[in-house]
Amino acid sequence: MGREVDVINFALDGKIDGLKNNLIGIMSDNAEEIGEYQKQIDARGFEPVIVDPGLENDQIQSLLEERQLSLLLSRNDYLSDKSIPDLMLSKRVDLKPEVTVKRPQILDLDSLPIPDRSLINNSFYLDRIGHGMTKNKISLMTSRGCPFKCIYCHKLWPKNNVIRSAENMFEEVKLYYGFGVRNFVILDDIFNLNVKVSTNFFKLILKHKLDINIQFPNGLRGDILAFDYIDLMIEAGTIEINFALETGSERLQKLIRKNLKLEKLHRNVQYITEKYPHVVLEFNSMVGFPTETEEEAMMTLDFIKSIKWIDFPYIHILKIYPNTEMEHLALENGISKETILKSQHKGYQELSDTLQLSHDFIKKYRTKFFIEYFLRKERLRHVIPRQLRAFTEDELNEKYTTYQSRDLNSLIRFAGIDKDQYTNGKDYKKNIQQLEVIDKKIKAHFPTKKYKKDAMKVLLMDLSTYTSKEAETVKDSYKVVEAPLGLMYLQTYVNKKLPGQVEGKIIKAGVDFDNFADLRKILQEFQPDMVGIRTLSYYRNYLHKVVLLIRQWDFKMPIVLGGPYATSNYESILKDTNIDLVVIGEGELTYLELLEKMIQNNKKLPDDEVLKTIPGIAYFKKQDKKIIQSYSRNLILSEEIYTTI
Amino acid sequence: MATVTIERAQLVEELKKYLSERFFLTDDYRTLPIDESILDLGVESLDFIQVLEDIKEIYHIVIDDDDVLFENFETVNKIADFILQKVINL
Ligand code: SF4
């Protein structure tokens, strides 16, 4: 049992003085594991406290409080549905972090340099489908901010919608067009909000005769489209549009404050399907709003069924995020906070206890949708041949596998389609260059980064995908991988403003490392002065596990969080005392200012006096952090100790 | 060729056996309830493509789009009714 001795030794190493008592928590329901640890713990004169991983988060917290546990060992998989910050910090601490003044919105997006794609491993992303359906594509972000008030939304970004000028967007597209790229994916939520600018963008594409494909996988506002706008966008090369319907019920549209004009949306979609059947349509909808009735859910299904045909209609289970108006509505309607928290790790297809409609109904509802619409042979025979003309078989296969865990061929067989008649992406505007050539051109275009000898080193990590093992642990099969555009924006901006002074390395889970040992190697080799992490709320537990590990591996550099999860949850995030600071909202200016201050401070986080002058951040003041640390528990991922020692 | 004289009781047993084994619903197919929704018994929405294909093949019936209503496939008994009706109409 030598390895287990190591585990307990490691767990106690350097921590004995900080322990409040001689208790060591073991989160496990495995008798053998408990027995092995128990022996080792007994041998050292400590006492084990067994924590059942099946208990609710709250119950575990109470047990930890009651026994005043300051050290807890757990296997990685037990923590997948727990709130790690809540396990780490005693409930008795009620300190609030410092939040500095709000950072003003960047109004002139043209002032930001075009993201430097030589900062990432391009060939990997070019070779995969992301949110858009094509490979070999370049994804663009063209606007920020949203004036709408959907209550399920985090509303992380400013209300004011700002958009790059048509010329600025066109310049980026033209650059990559020159490198041989023909597929462009616009990641904005509502590209068509600014009709004038977006119209001009399409006109520039046409004027310069760029023969490209454009995809809008994250949604256009479907009820504000006009027929001539639709004609223009499709003439400019649009081949894929995603519309966010959410619900087919007028009452729920009002309740969730999406306020879509359903009739107008219907009319526009009908227009596209009739006039431009080659355009691939995606539709997002949700079921399970608080107070939603079965009849209202059926209205959504009826809306979808009334359109011939939607290529990829989605029915998601509503996910209620903490700190949203939807959470308030849910609480008002008797859905408990605990249930909401517990549902956070669930995927958009998983049934959750936040649903007021019965699980039986939802199962039937989804099956009805699947067999009566999706599997309708008439539909499959209409959409698949068109998709085969626009996309390669390979791309479609990836799409269907992610979409319905179905391979394309099984659907083709089912619908009796003669594939040979359609394959090879006949209408597909192939990139005119090979991936490697495009990659080389990208590298040649962006200036080689030369860093000063004493340049500050920052590791920027995107954790909005899982490593393979983690995906297995949390049973996540979502395979879409987007290039870390936000992190590229940050580092490109800093490279422009502080040339040679900050060596930023961008990595993404599942791409640049696919297991924790590799991540550790990257950290050891790069030796960053700071780690910046960005993720989405869905990956919160995974993020906290990675942060735990970085500390478990004994890296002591500041860890800073930014992006959607950080912006919406900074208070609870900072309970994780391994995290030093959170950047709220848009990152470029704050990241730059923070780095400037760190450079002035010998690459260390500046003092509170300086931090409080930086707009848009949250952190605990030094003296509060000390208090917090004294109430904080050491959490140790037991099976990762072997990669640690 | 389709067996027009297919026995209902025998058909129900065949369907119970098929569903149990194909989707690992129970160790003893004879215990599979015939009036419970097959979704509750462990068949997933996405499995229906398989159910439709297999039924079509095993019983040599044509399943039109308009036949593909969840109500026709909800329980073992309903699937049996559907097949019988199709076979009779052959
Ligand atoms: S869901 Fe989209 S449209 Fe609605 S408020 Fe949020 S960003 Fe805006």
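As the structure is a computational prediction, the values presented were derived from the model and not from experiment.

Caption draft 1: Main features of the sheet that holds strand β14 (residues 502-508) of chain A. All names here are of chain A. The seven strands lie next to each other as β4-β18-β17-β16-β15-β13-β14, forming an open sheet whose pairing is mixed. With one partner strand each, in any of the chains shown, β4 (98-99) and β14 form the two edges of the open sheet. Alignment of strand β13 (residues 456-462) against strand β15 (residues 530-534), held across five bridges, turns out to be parallel. Bridging across to β15, leucine 460 finds its partner in glycine 532. Sheet strands in contact with helix α23 (residues 564-573) are β4, β15, β16 (559-562), β17 (581-583) and β18 (617-619), and its direction is about 145° off that of β17.

Caption draft 2: Spatial organisation of the confidence of the model for chain A. Looking at chain A, pLDDT values average 89 and 95% of them are 70 or higher. For the stretch residues 1-5 of chain A, pLDDT sits under 50, and the model shows eight contacts to residues farther than four places along the chain or on other chains.

Caption draft 3: Fine view of helix α18 (residues 435-445) of chain A. Residue and element names in this part refer to chain A. Within the sequence span of α18, burial applies to Leu435, Ile438, Asp439 and Ile442. Seen from one end, α18 has its buried residues packed into an arc of 100°, which puts them on one side. Residues of α18 that are exposed and angled more than 90 degrees away from the buried face: Glu436, Lys440 and Ala444.

Caption draft 4: Region of interest: the interface of chain A and chain B. Tallying the contact residues gives 20 residues for chain A and 18 residues for chain B. Here aspartate 65 of chain B and arginine 376 of chain A are joined by a salt bridge, their closest N and O atoms 3.9 Å apart. At the junction of chain A with chain B, the criterion picks out eight residue pairs in polar contact (both at pLDDT 80 or more). Elements represented by at least two residues in the side of chain A that touches chain B include exactly α14 (359-374), α15 (377-390) and α17 (408-415) of chain A. Here the side of chain A that touches chain B gets nine residues from one element, more than from any other, and that element is α14 of chain A. Along the lines of polarity and charge, the residues of the side of chain A that touches chain B split into five nonpolar, four polar and 11 charged.

Caption draft 5: Region of the structure containing the packing of helix α21 (residues 516-526) of chain A against helix α22 (residues 540-552) of chain A. Residues and elements named next belong to chain A. Where α21 meets α22, the axes come as close as 11 Å, and the angle between the chain directions of the two elements is 55°. By the criterion of interaxial angle, the relationship of α21 to α22 is oblique. The hand of the α21/α22 crossing is right-handed. Contacts from Phe516, Leu519 and Leu523 in α21 reach Tyr542, Val546, Leu549 and Ile550 in α22. Its residues assigned to classes, the contact of α21 with α22 shows seven nonpolar, no polar and no charged.

Caption draft 6: Fine view of unusual backbone geometry. Looking along the chain, the bond that leaves lysine 308 of chain A and enters tryptophan 309 of chain A is cis, with omega of 0°. Even without glycine at this site, asparagine 259 of chain A takes up a positive phi of about 50°. For asparagine 259 of chain A, a relative accessible area of 37% gives the class partly exposed. Look at phenylalanine 24 of chain B: it is not a glycine, yet its phi comes out positive at around 50°.

Caption draft 7: Spotlight on the domain arrangement of chain A. Residues and elements named next belong to chain A. Domain annotation of chain A identifies domain 1 (2-88), domain 2 (117-318 + 355-423) and domain 3 (446-619). Computed from C-alpha atoms alone, the centre-to-centre distance between domain 1 and domain 3 is 29 Å. Counting residues at the interface gives 12 residues for domain 1 and 14 residues for domain 3. Roughly 1000 Å² of surface becomes buried between domain 1 and domain 3 when both sides are summed, with 60% attributable to carbon and sulfur atoms. Inspection of the region where domain 1 meets domain 3 yields one salt bridge. Residues aspartate 86 and lysine 575 are paired through a salt bridge, measuring 3.0 Å at the closest nitrogen-oxygen approach. On the surface where domain 1 and domain 3 come into contact, there are five residue pairs in polar contact (both at pLDDT 80 or more). The class makeup of the residues in the side of domain 1 that touches domain 3 is five nonpolar, three polar and four charged.

Cut-offs applied
Residues numbered from 1 in each chain as written. Chains lettered and ligands numbered in written order. Predicted model: local features only at pLDDT ≥ 70, side-chain atom pairs only at ≥ 80, totals over all residues. Heavy atoms only, no water. Pairing = 2+ DSSP bridges. Helix = DSSP H or I, 4+ residues; strand = E, 2+ residues; numbered from the N terminus. Contact = heavy atoms within 4.5 Å. Axes fitted to C-alpha atoms, helices over the stretch in contact; angles between N-to-C directions. pLDDT = per-residue confidence, 0-100. Buried < 20%, exposed > 50% of the residue type's maximum accessible area, 1.4 Å probe, protein only. Arc of directions from axis to C-beta. Salt bridge = Lys/Arg side-chain N within 4 Å of Asp/Glu carboxyl O. Polar contact = N/O pair within 3.5 Å; in protein donor to acceptor, adjacent residues only side chain to side chain. Nonpolar A, V, L, I, M, F, W, Y, C, P; charged D, E, K, R; others polar. Parallel < 35°, antiparallel > 145°, perpendicular 65-115°, else oblique. Left-handed = near helix turned anticlockwise from the far one by under 90°. Domains from an automatic or database assignment. Buried area = accessible area lost by both parts, 1.4 Å probe.

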